[in-house]
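# Fold and geometry: a report
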Amino acid sequence: MSSTIPQTTDNLRRSSIILAPMAGGPSTPELVAAVSNAGGFGTLAAGYLTVEKLVEQARQTCALLDDGEGFGINLFCPNTADAGGGTSEEGLAQWTTFRGHLAPAADHFDIDLPDAPTWSDDYFSAKVEAILADDFLPNPDALEFVSFTFGYPDKEVIARVKESGRKVVLNATSIEGVRAAAAAGADRIVLQGLAAGGHRAFVKGKDSSDNIGASVEELAQAVTEASAVTDAPIIAAGGVGHREDVVKLLGAGATAIQVGTRFLTTAEAGTKETHRRALRELTERDTVLTHAFSGKPARAIENTFTRAFSRVAPELYPQLHYLTTPIRGAANQAGDPEYLNLWAGIAFSQCENQTAGEVVAELSCSAE
């Protein structure tokens, strides 16, 4: 079963499968390089890394790539529409109240929670400077694109990325978001459906988080509509479990398909063992959208934490991320999936113990 892929000069357009950026551990140099070397296109997640760690992992990735293969880097981009929420009097009150709700979970693991909220821009400016530095990689051409999640960088940053010879990839979760991403200068646009695992990529004030339904069929319809409103190639993401899904989305007009969940249980992924086991064993459970873990909506396997805290959690990112970190860390150490952020798309039951290359081969559709 195959579908013709538009052929251009960059690997991003020649690959039908793109590895989704998976911050927080699953994204490793070994995984990113394995996907690219197998004929896909790997994305290194820079979220939650220090600048030094990003440089180290990017260079490791570059060293593992076969000749002629490339990769991308994804950055968390601060959104001005979110600024100040956690430091306002109302935000502090919401944070404090939620901290009280979490107290029984902290007691369950005999751990302490932070006494005050923490905010960070994830070293965004410093990471941009590092990526654009002349000595960033021994082979600068290996880095083919830079993508941005949660916000759109300003025009100067976009222009500098393009001047460096890399493509700019922006995310959208609606047709409204596609238009906004195109207007911001995106060379490629990832259109994320509601079935996708992990964080929603919507940009507050410019996008909508939930107007594409949670199925591959509804994502395919949105891809066709998106292709009619912009000339920028559309990369479809969300709910892909089978090659048939890839064929359907490519047939709807997508240039490539971004996949994350299927790679979480691969040998090269840095996925926490408790999370890895849950993806294989909790297949009878549903996935839910919750902002209880981080303050931003994300899709995860339903568990005790999501049931207890989803309705009372405020939308404060990244303050909730740092607040819940001790609970999540303790849960992983204890092997307890009930209090861990089990990010997963709706097709997570298709996860198997495979190599990244095997997943790429299983899903890929190559030109004949």
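Read on for an overview of the structure. All residue numbers refer to position in the chain's written sequence, counted from 1. At least 70 in pLDDT is required for a residue's local features to be given in this predicted model, at least 80 for side-chain atom pairs to be given and counted, and no such filter applies to totals for whole chains, interfaces and linings, which use all residues. Based on all heavy atoms of the structure, the side-chain values leave hydrogens and waters out of the count.

Another point: the overall build of the chain. A tally of regular secondary structure across the chain gives 13 helices and 11 strands. Over its C-alpha atoms the chain spans a radius of gyration of 19 Å, differing by no more than 12% from the 21 Å that the globule rule assigns to 368 residues. Each principal axis of the C-alpha distribution contributes one length, and for the chain these read about 60 × 45 × 40 Å. In the chain, which comprises 368 residues, the proportion classed as buried is 58%. When contacts within the chain are restricted to residue pairs at least 6 apart in sequence, those whose partners lie at least 24 apart make up 69%. In this description, accessible areas are obtained by the Shrake-Rupley approach with a 1.4 Å probe, and a residue is regarded as covered only by the protein chains that are shown. Summing over all exposed atoms, the chain offers an accessible surface of approximately 14900 Å²; the carbon and sulfur share of this is 46%. Separation between the mean location of the 29 positive side-chain charges and that of the 47 negative ones in the chain comes to 2 Å. Secondary structure elements follow DSSP: runs of H or I of four or more residues count as helices, runs of E of two or more count as strands, with numbering from the N terminus. Our radius of gyration looks at C-alpha atoms and nothing else; its globule reference is 2.2 Å times the residue count to the power 0.38. Only protein chains enter the accessibility calculation, which uses a 1.4 Å probe; a residue whose area is less than 20% of its type maximum is buried, one above 50% is exposed, and one in between is partly exposed. Note on contacts: a residue pair is in contact if any heavy atoms of the two residues lie within 4.5 Å. A positive count includes Lys and Arg, and a negative count includes Asp and Glu. His and the chain ends are not counted in either. The atoms used to mark charge sites are NZ of Lys, CZ of Arg, CG of Asp and CD of Glu.

Moving on, we come to the packing of aromatic side chains. Aromatic pairs are defined between Phe, Tyr and Trp rings, using the six-membered ring for Trp, whenever the two ring centres lie within 6.5 Å; interplanar angles under 30 degrees are classed as stacked, those over 60 as edge-to-face, and all others as tilted. Applying the stated criterion across every chain, the model contains 10 aromatic pairs. Ring centres of Phe124 and Phe148 lie 6.1 Å apart, and the angle between their planes is 65 degrees; on these two criteria the pair is classed as edge-to-face. Of the two residues, Phe124 is situated in helix H5 (residues 124–132) and Phe148 in strand S4 (residues 143–149); the sequence distance between them amounts to 24 residues. The burial state of Phe124 is the same as that of Phe148; both residues are buried. By the ring-pair criterion, three or more aromatic residues cluster together here, those being Phe98, Phe293, Phe305, Phe309 and Trp343. A cation over an aromatic ring shows up here: Lys296 above the ring of Phe150, its NZ or CZ 4.8 Å from the ring centre. Ring-over charges, as used throughout, are those where CZ of Arg or NZ of Lys falls within 6 Å of the ring centre and within 35 degrees of the ring normal.

Right, let's talk about unusual backbone geometry for a bit. A cis amide bond links Tyr317 to the next residue, Pro318, at an omega of 5 degrees. If you trace the backbone, Pro318 turns up in the loop between helix H11 (304–309) and helix H12 (319–334). Even without being a glycine, Asp122 presents a positive backbone phi close to 60 degrees. Its place among the elements puts Asp122 in the loop between helix H4 (89–109) and H5. Judged by relative accessible area, which is 8%, Asp122 ranks as buried.

With that settled, the discussion passes to the sheet that holds strand S6 (residues 188–192). Spatially, S1-S9-S8-S6-S5-S4-S3-S2 is the arrangement adopted by the eight strands of the open sheet, whose pairing is parallel. Looking along the sheet, the strands with just one partner apiece sit at the ends: strand S1 (17–19) and strand S2 (42–45). Taking each pair of neighbouring strands and ignoring which way they run, the sheet shows an average axis angle of 30 degrees. The sheet contact formed by S2 and strand S3 (residues 71–76) spans four bridges and is parallel. Residue pairing in the sheet places Ala45 in a bridge with Asn74 of S3. Packed onto the sheet, helix H6 (residues 155–163) meets S4 and strand S5 (167–172) and runs at close to 135 degrees relative to S5. Every angle, taken between N-to-C directions, lies between 0 and 180 degrees, and every axis is a line fitted to C-alpha atoms, over only the stretch in contact when it is a helix. Across the face of the sheet, helix H8 (residues 216–229) comes into contact with S6 and strand S8 (234–237) while running at roughly 165 degrees to S8. Here a strand pair is declared whenever DSSP counts at least two bridges between the two strands.

Multiplying one less than the number of residues by 1.5 Å gives the expected span of a helix. Here H12 is 16 residues long and its end C-alpha atoms lie 24 Å apart, about the 22 Å a rise of 1.5 Å per residue gives. Given a residue, its bend is the angle between the two axes fitted to the seven residues that end at it and to the seven that start from it. Where H12 bends most, the angle comes to about 45 degrees, and this point is Thr325, followed within four residues by the proline Pro326. Along H12, the residues that are buried comprise Gln319, Leu320, His321, Leu323, Thr324, Ile327, Arg328, Ala330, Ala331 and Asn332. Looking at the packing, one finds that the buried side of H12 touches H4, helix H10 (273–281) and H11. Immediately downstream of H12, the backbone of Gly335 shows phi near 70 degrees, a positive value.

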